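In case you want the letters, here they are:
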Amino acid sequence: MSVWKMAIVAGGSAVLLAACGGNAGNTSDGGSCTPKGAGSGTPAQTVKIVSDPTNVGKYDPSTITVKTGDSVEWDWVDNSAQHSVTSDDNTTFDSCLQGAGSKFVVTFTTAGDVKYHCTIHSGMIGAVKVR
């Protein structure tokens, strides 16, 4: 299921190669991760990535609902650790590990529920419900 805004079409598959945000590609693994699925546009909703003493970090809010075609922006506020915004299928979108001040935008073009997580903090989970 493709949920990002189409930017390049090759062989019938949509792939968006652009990344956005303050520290795109800033990872603790030496930069081997390349952000994918990033879009652009005015976000309909914003999710903040904040510190949470019981869970190292959290998405606030953890579940949001948007309309088909809307963009969602994740803003890194937590300055205690790096976090990612990674779709549960690990292919639709991945911000890579980012720190405070970063932003990541994804445009959702297909209805459905999209779950995501932080790649290094198993308790950080979220969902975008696209209607």
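Heads up: the structure comes first, above all this text.
Reading the values: the criteria
- Residues numbered from 1 in each chain as written.
- Predicted model: local features only at pLDDT ≥ 70, side-chain atom pairs only at ≥ 80, totals over all residues.
- Heavy atoms only, no water.
- Pairing = 2+ DSSP bridges.
- Helix = DSSP H or I, 4+ residues; strand = E, 2+ residues; numbered from the N terminus.
- Axes fitted to C-alpha atoms, helices over the stretch in contact; angles between N-to-C directions.
- Core = buried A, V, L, I, M, F, W, Y, C linked by side-chain atoms within 4.5 Å.
- Buried < 20%, exposed > 50% of the residue type's maximum accessible area, 1.4 Å probe, protein only.
- Disulfide = S-S within 2.5 Å.
- Polar contact = N/O pair within 3.5 Å; in protein donor to acceptor, adjacent residues only side chain to side chain.
- Phe/Tyr/Trp six-rings, centres within 6.5 Å; stacked < 30°, edge-to-face > 60°.

Asks: Which parts of the structure should I look at to understand the sheet that holds strand β4 (residues 58-60)?
Replies: Working definition: the strands of a sheet are paired by backbone hydrogen bonds and lie parallel or antiparallel to each other. Sheet architecture is open: 4 strands sit in the order β4-β3-β6-β8, paired in mixed fashion. Two strands lie at the open edges of the sheet, namely β4 and β8 (103-107), each paired on one side alone. Sheet twist, expressed as the mean angle between neighbouring strand axes with direction ignored, is 25°. Inspection of the sheet shows strand β3 (residues 43-50) paired to β4 by 3 bridges, in the antiparallel sense. Paired with Val 50 across the strands is Lys 58, a residue of β4.

Asks: I would appreciate a short explanation of the nonpolar core in the present structure.
Replies: Soluble globular proteins tend to bury their nonpolar side chains together. One finds Tyr 59, Trp 74, Phe 93, Phe 108 and Val 128 to be the most contacted residues of the largest nonpolar core, which totals 20 residues. Broken down by secondary-structure element, the contributors of at least two residues to this core are β3, β5 (63-66), β6 (71-76), β8, β9 (112-117) and β10 (125-130). Among the elements that make up this core, the one with the highest residue count is β6 (3 residues).

Asks: Help me understand the state of the cysteines, please; the structure alone is not making it clear to me.
Replies: Disulfides are covalent bonds that connect the sulfur atoms of two cysteines. The tally for this structure, following the rule as stated, stands at 1 disulfide. A sulfur-sulfur separation of 1.9 Å characterises the disulfide bridge that pairs Cys 33 with Cys 96. With the S-S dihedral at roughly -80°, the linkage between Cys 33 and Cys 96 falls on the left-handed side. One end of the pair, Cys 33, is in the loop between β2 (13-15) and β3; the other, Cys 96, is in the loop between β7 (86-87) and β8, and 63 residues separate them in sequence. Pair check on accessibility: Cys 33 and Cys 96 agree, each one buried.

Asks: Sorry, what's going on with the side chain of His 83 here?
Replies: Its place among the elements puts His 83 in the loop between β6 and β7. Judged by its relative accessible area of 0%, His 83 is buried. Within polar-contact distance, the side chain of His 83 engages the side chain of His 121 at 3.0 Å.

Asks: Where do I start with the sheet that holds β7 in this structure?
Replies: The strand order β5-β10-β9-β7 describes an open sheet built from 4 strands, whose pairing is mixed. Sheet topology places β5 and β7 at the edges, where each strand pairs with a single neighbour. Judged from the 2 bridges that link them, β7 and β9 form a sheet pairing that is antiparallel. By the bridge assignment, Ser 87 is partnered in β9 with Tyr 116.

Asks: In this structure, what is going on with the packing of aromatic side chains? I would like to understand it.
Replies: Each aromatic ring pair is characterised by the separation of its centres together with the angle its planes make. Following the criterion strictly, the structure yields 6 aromatic pairs and no others. When the ring of Phe 93 is compared with that of Phe 108, the centres are 6.0 Å apart and the planes differ by 90°; the resulting orientation is edge-to-face. With a gap of 15 residues between them, Phe 93 in the loop between β7 and β8 and Phe 108 in the loop between β8 and β9 connect regions that are remote in the sequence. Summarising the burial analysis for this pair, Phe 93 and Phe 108 share the class buried. Where Phe 93 meets Tyr 116, the ring centres are 6.4 Å apart and the plane angle is 55°; that geometry is what we call tilted. Placement of Phe 93 in the loop between β7 and β8 and of Tyr 116 in strand β9 is noted, with a sequence separation of 23 residues between them. Judged on exposure class, the residue Phe 93 and its partner Tyr 116 are both buried.

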